[in-house]
There are 2 protein chains.
Amino acid sequence: MRRVILALVLGCAFSPVPAASVEPIVLRGMGSFHIGGRVVEVSGKPVREIVRQPGGPLTKLDPNGQYMVEQMYVQYFLPQRRTGRLPLLMWHGGGLTGVTYETTPDGREGWLNLFIRKGWDTYVSDAVERGRAGFAPPDVWPSEPTFLTFQDPFERFRIGDGPGSWNRDAGMHKVLPGSAFPVEAYDNYMKQQVPRWLSTDDAIVAAYLALVDKVCPCVLLAHSQGGAFSFKVAEQRPDKIKALVAVESATAGNLGKAAALKDIPIMMMFGDYVAEHPRWRTFKKIDLEYADAVRAAGGSVDVINLPEIGIKGNSHMLMMDKNNAEIADVIHKRLAGKNLVE
Amino acid sequence: MRRVILALVLGCAFSPVPAASVEPIVLRGMGSFHIGGRVVEVSGKPVREIVRQPGGPLTKLDPNGQYMVEQMYVQYFLPQRRTGRLPLLMWHGGGLTGVTYETTPDGREGWLNLFIRKGWDTYVSDAVERGRAGFAPPDVWPSEPTFLTFQDPFERFRIGDGPGSWNRDAGMHKVLPGSAFPVEAYDNYMKQQVPRWLSTDDAIVAAYLALVDKVCPCVLLAHSQGGAFSFKVAEQRPDKIKALVAVESATAGNLGKAAALKDIPIMMMFGDYVAEHPRWRTFKKIDLEYADAVRAAGGSVDVINLPEIGIKGNSHMLMMDKNNAEIADVIHKRLAGKNLVE
């Protein structure tokens with residue numbers, strides 16, 4: 001327990017108020033909406049009586065009936081000085097929500113703020129069954145939610161040095177040498193984790209398609225599990241996706257459908273320590289095979305290995321690492337190079 | 001099913017892009033954080049092997065270990081032209097998240113935007129176990145999540161005319177006469193609903209206390225179930241809460257501790273049709289008894305019955321109703337009257 005308490009103590013020091021010297025963010029609009037979803041019928045379950053608030057009246061709880069399920073949540077910010085030619089959609093990874101992009105665990109500005117400041121109309125979403133999207137009643141989906149332990153992402157997301165690194169050296173954490181992750185705020189990162197289901201991929205893709213149909217043509221920026229969804233969506237809406245930035249995608253799309261992406265400029269980005277860790281080496285191999293299939297159809301895929309361009313120490317959570325602004329610059333400049341910035 | 005489809009068709013027409021004539025929102029900062037929470041230990045459960053992404057490698061899922069639970073999520077917006085003397089915290093009701101305040105179901109600006117525009121540093125949160133706060137693994141809390149049927153809030157939140165109003169007249173919905181709720185977008189409202197637990201009140205209050213300790217002194221604006229939490233938090237941090245706006249609070253705080261609120265200006269606000277609906281008449285009675293207890297200790301409670309000041313047709317979801325801007329003006333002016341606006 002001592003090591004947990006250490007992390008908690010280290011992680012509590014940040015202020016929500018940014019430095020006074022930062023330029024204001026000027027928005028011509030902001031808001032949110034839900035999209036997608038369907039109404040399902042639940043039947044044959046017993047009626048119960050419950051008190052909804054302590055002190056409140058006894059009320060019937062009838063679990064039977066129609067439920068709204070499989071919608072997703074989207075929050076958008078529209079800068080007054082717009083330079084991105086198209087909306088930029090940011091899709092999170094597994095066990096996470098749009099919070100991924102909002103703020104770093106140590107309280108710096110996330111990619112949401114940074115890309116708004118660069119002039120992009122930015123849409124950050126919570127996929128089906130994650131965060132503000134809500135989740136369905138029991139038995140609508142064929143599996144239970146899964147949860148990550150406190151140490152799991154430390155060992156698996158290339159913050160620590162692989163399996164066992166959380167407990168190594170009698171309770172000390174073995175952080176990867178030169179890690180750019182704000183490990184002193186690791187507990188704040190873990191507070192962002194939410195449960196996820198392993199049987200909802202089709203529902204997630206359906207809601208993303210509804211989102212794309214609503215706000216695109218656009219640029220997709222997707223991370224980890226979201227990368228796989230972005231490829232699958234692009235396969236079905238190749239005319240709507242004008243660029244796709246896949247940040248450590250896990251995994252890729254359907255190899256047999258990769259040719260659909262031949263007219264979409266694709267960027268695949270990878271952080272540090274990938275070759276040394278089997279899980280990430282495997283995902284990268286799958287991504288690069290998909291890239292080859294896109295290229296074989298005449299498409300274009302830029303693969304950016306951050307250490308090769310001098311950006312080092314990146315964990316799987318690139319957008320939270322201490323050099324997150326530098327990486328945002330790389331992405332923005334590459335999109336400008338594709339004539340997507342005014 | 002016909003009536004559901006009707007609602008879905010009616011509810012799909014809105015644009016996220018606001019009218020060009022609206023003034024820009026200028027922020028000196030925005031971001032988010034999680035706060036509160038604790039690490040729990042789960043033990044004695046079997047290890048399983050699962051594929052986390054289709055096509056990905058087989059990985060072990062060990063449900064035992066330490067988990068971060070009972071944190072809450074907070075997003076903040078700090079206007080450049082600040083006029084509110086203190087931060088304004090917006091707390092949502094049961095089965096809902098901070099989305100309550102962001103946008104109306106029919107796509108107008110919510111109280112978040114409206115109060116930012118009025119110059120308030122505004123903090124919108126998702127309470128423990130709601131939305132982006134995440135929820136705990138099985139057995140950490142002593143109950144299962146509960147879910148609302150599609151028609152439940154229609155009948156219960158004074159949109160329709162009470163029990164049975166969803167199905168009345170062979171599938172037509174019996175909306176209350178003069179209702180200000182954007183009933184044509186009812187399905188979008190239902191997409192905002194999330195599951196909730198009935199056994200987490202103490203954890204929710206603990207996280208709210210942590211939030212108050214971080215960002216207050218402040219003004220609390222709380223709705224429905226959130227109103228009850230706001231009173232309980234104010235009882236424990238009376239020096240930190242400089243005004244409390246309880247919008248249809250369900251229920252109130254602890255009568256025996258109400259005296260603690262004697263120096264806090266309190267506003268209790270109620271919409272239309274309250275006297276006619278037993279559930280809301282009951283909650284209001286509980287609120288007014290709490291108000292009496294505060295007054296008996298020398299405190300001040302303004303009770304605003306909106307129909308009495310000419311604002312009519314309001315459902316339980318006042319902040320989404322078509323006159324939501326008018327109601328925001330009432331709150332802002334009352335706070336100005338308490339010397340809380342520069």
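Our structure's up above, just so we're on the same page.
> Got a minute to help me understand the overall build of chain A in this structure?
Along the backbone of chain A there are nine helices and 10 strands. For a compact globule of 342 residues, the expected C-alpha radius of gyration is about 20 Å, and chain A comes in at 21 Å, within 12% of that figure. Considered along the principal axes of its C-alpha atoms, chain A spans approximately 65 × 55 × 45 Å. Every one of the 342 residues in chain A was classed for burial, and the buried ones make up 63%. For chain A, the share of sequence-separated contacts (at least 6 apart) that also reach a separation of at least 24 residues comes to 75%. Averaging the positions of the 39 positive and the 37 negative side-chain charges in chain A gives two centres separated by 2 Å.

> What am I meant to see in the state of the cysteines here?
One way to say it: the disulfide is the covalent bond shared by the sulfur atoms of two cysteines. Residues and elements named next belong to chain A. One pass over the full model with this rule turns up two disulfides over all chains. For C216, the disulfide goes to C218, at an S-S distance of 2.1 Å. Its S-S torsion of about 75° marks the bond between C216 and C218 as right-handed, since a negative value means left-handed. In this structure C216 comes out as buried when scored by relative accessible area, which is 10%. Exposure remark for C218: the relative accessible area of 0% places this residue in the buried category.

> Which parts of the structure should I look at to understand the relation of the copies chain B and chain A?
Relating the two copies of this chain is a rotation about some axis coupled with a shift parallel to it. Expressed as a screw operation, the relation of chain B to chain A combines 0.0 Å of axial shift with a rotation of 180°, fitting to an RMSD of 0.0 Å. Here the copies are linked by what is in effect a two-fold axis. In this assembly, 100% of the residues forming the interface of chain B have copies in chain A that are likewise at the interface, indicating an isologous arrangement.

> Would you take a moment to explain the side chain of A:H316 for this structure?
Residues and elements named next belong to chain A. Tracing the sequence through the fold places H316 in the loop between β10 (301–305) and α9 (324–337). Accessibility expressed as a relative area gives 1% for H316, which makes it buried. In this structure the side chain of H316 is engaged in a polar contact, spanning 2.6 Å, whose partner is the side chain of E248. Those residues within four positions of H316 in sequence are excluded, and the remaining contacts are F157, R158, H223, S224, E248 and W280.

> Which parts of the structure should I look at to understand unusual backbone geometry?
The phi torsion of most residues other than glycine is negative, and most of the peptide bonds are trans. The omega torsion across A:A250 and A:T251 is 0°, close enough to zero to call that bond cis. Along the chain, A:T251 turns up in the loop between β8 (241–247) and β9 (266–270). Cis peptide bonds are those with omega within 30 degrees of zero, and the linkage from B:C216 to B:P217 qualifies with 20°. With respect to the helices and strands, the residue B:P217 is situated in the loop between α6 (201–215) and β7 (218–223). For A:E248, which is not glycine, the phi torsion reads 45° and is therefore positive. Checked against the element boundaries, A:E248 lands in the loop between β8 and β9. Taking relative accessible area as the criterion, A:E248 reaches 1% and is therefore assigned buried. Although it is not a glycine, B:E70 adopts a positive phi angle of roughly 70°. One can find B:E70 in strand β4 (residues 65–79).

> Could you clarify how one ought to interpret helix α2 (residues 111–118) of chain A in this entry?
Along an α-helix, a turn takes 3.6 residues, which lines up residues three or four apart on a common side. Where burial is concerned, most of α2(A) is hidden: seven out of the eight residues are buried. Phi turns positive, to about 105°, at A:G119, one or two residues after α2(A).

> How do you make sense of the pattern of salt bridges when you look at a structure like this?
Two side chains that carry opposite charge are able to pair once their charged atoms sit near each other. Under the defined criterion, the tally for this structure stands at 38 salt bridges over all chains. Here A:D121 ties to A:R82 by a salt bridge, and the two come within 3.2 Å at their closest N and O atoms. Highlighted residues: A:D121 in the loop between α2 and β6 (122–126) and A:R82 in the loop between β4 (65–79) and β5 (88–91), separated in sequence by 39 residues. A:D121 gets classed as buried once you look at its relative accessible area, which sits at 3%. Among the residues examined, A:R82 registers a relative accessible area of 31% and is labelled partly exposed. Measuring nitrogen to oxygen at the nearest pair gives 2.9 Å for the salt bridge that ties B:E109 to B:R117. You can call B:R117 partly exposed: its relative accessible area is 22%.

> What should I look at first to understand the packing of α2(A) against α9(A) in this one?
The relative placement of two packed helices is expressed as an angle between their axes plus a distance between the axes. Residues and elements named next belong to chain A. Relative to each other, α2 and α9 sit at 45°, their axes nearing to 10 Å. In terms of their interaxial angle, α2 and α9 are classed as oblique. Where α2 crosses over α9, the two elements pack in a sense that is right-handed. Within the contact between the two elements, α2 uses W111, L114, F115 and K118 and α9 uses N324, A325, I327, A328, D329, I331 and H332.

> Please clarify how the pairing of strand β10 (residues 301–305) of chain B should be interpreted in this entry.
Where a strand is regular, its side chains alternate between the two sheet faces. All names here are of chain B. Summarising the sheet, strand β9 (residues 266–270) and β10 pair through five bridges and their orientation is parallel. If you follow I266 over to β10, its bridge partner there is V301. What joins β9 to β10 is helix α8 (residues 278–296), and the crossover it makes is right-handed.

> I would appreciate a short explanation of the interface of chain B and chain A in the present structure.
Interfaces are frequently sized by the accessible area removed from exposure as the parts join. If you look at the interface, chain B gives 91 residues, while chain A gives 91 residues. Of the roughly 7300 Å² buried between chain B and chain A, counting both surfaces, carbon and sulfur atoms make up 59%. When the area that chain B buries against chain A is broken down by residue, the three leading residues are B:Q66, B:R132 and B:K191, summing to 11%. Here chain B and chain A share four salt bridges between them. Note that B:R132 is salt-bridged to A:E102, the shortest N-O span being 2.7 Å. Where chain B packs against chain A, one counts 25 residue pairs in polar contact (both at pLDDT 80 or more). Considering each element in turn, the side of chain B that touches chain A owes the most residues, 13 residues, to strand β1 (residues 25–42) of chain B. For strand β1 (residues 25–42) of chain A and β1(B), the ladder comprises three bridges, and the chain directions are antiparallel. Looking across to β1(B), one finds that A:L27 is bridged to B:I25.

Basis of the calculations
- Residues numbered from 1 in each chain as written.
- Chains lettered and ligands numbered in written order.
- Predicted model: local features only at pLDDT ≥ 70, side-chain atom pairs only at ≥ 80, totals over all residues.
- Heavy atoms only, no water.
- Helix = DSSP H or I, 4+ residues; strand = E, 2+ residues; numbered from the N terminus.
- Rg over C-alpha atoms; globule rule 2.2 N^0.38 Å.
- Buried < 20%, exposed > 50% of the residue type's maximum accessible area, 1.4 Å probe, protein only.
- Contact = heavy atoms within 4.5 Å.
- Lys, Arg positive; Asp, Glu negative; His and termini not counted.
- Charge placed at Lys NZ, Arg CZ, Asp CG, Glu CD.
- Disulfide = S-S within 2.5 Å.
- Least-squares fit on C-alpha atoms with pLDDT ≥ 70 in both.
- Polar contact = N/O pair within 3.5 Å; in protein donor to acceptor, adjacent residues only side chain to side chain.
- Salt bridge = Lys/Arg side-chain N within 4 Å of Asp/Glu carboxyl O.
- Axes fitted to C-alpha atoms, helices over the stretch in contact; angles between N-to-C directions.
- Parallel < 35°, antiparallel > 145°, perpendicular 65-115°, else oblique.
- Left-handed = near helix turned anticlockwise from the far one by under 90°.
- Pairing = 2+ DSSP bridges.
- Right-handed = clockwise from strand over helix to strand, strands pointing away.
- Buried area = accessible area lost by both parts, 1.4 Å probe.

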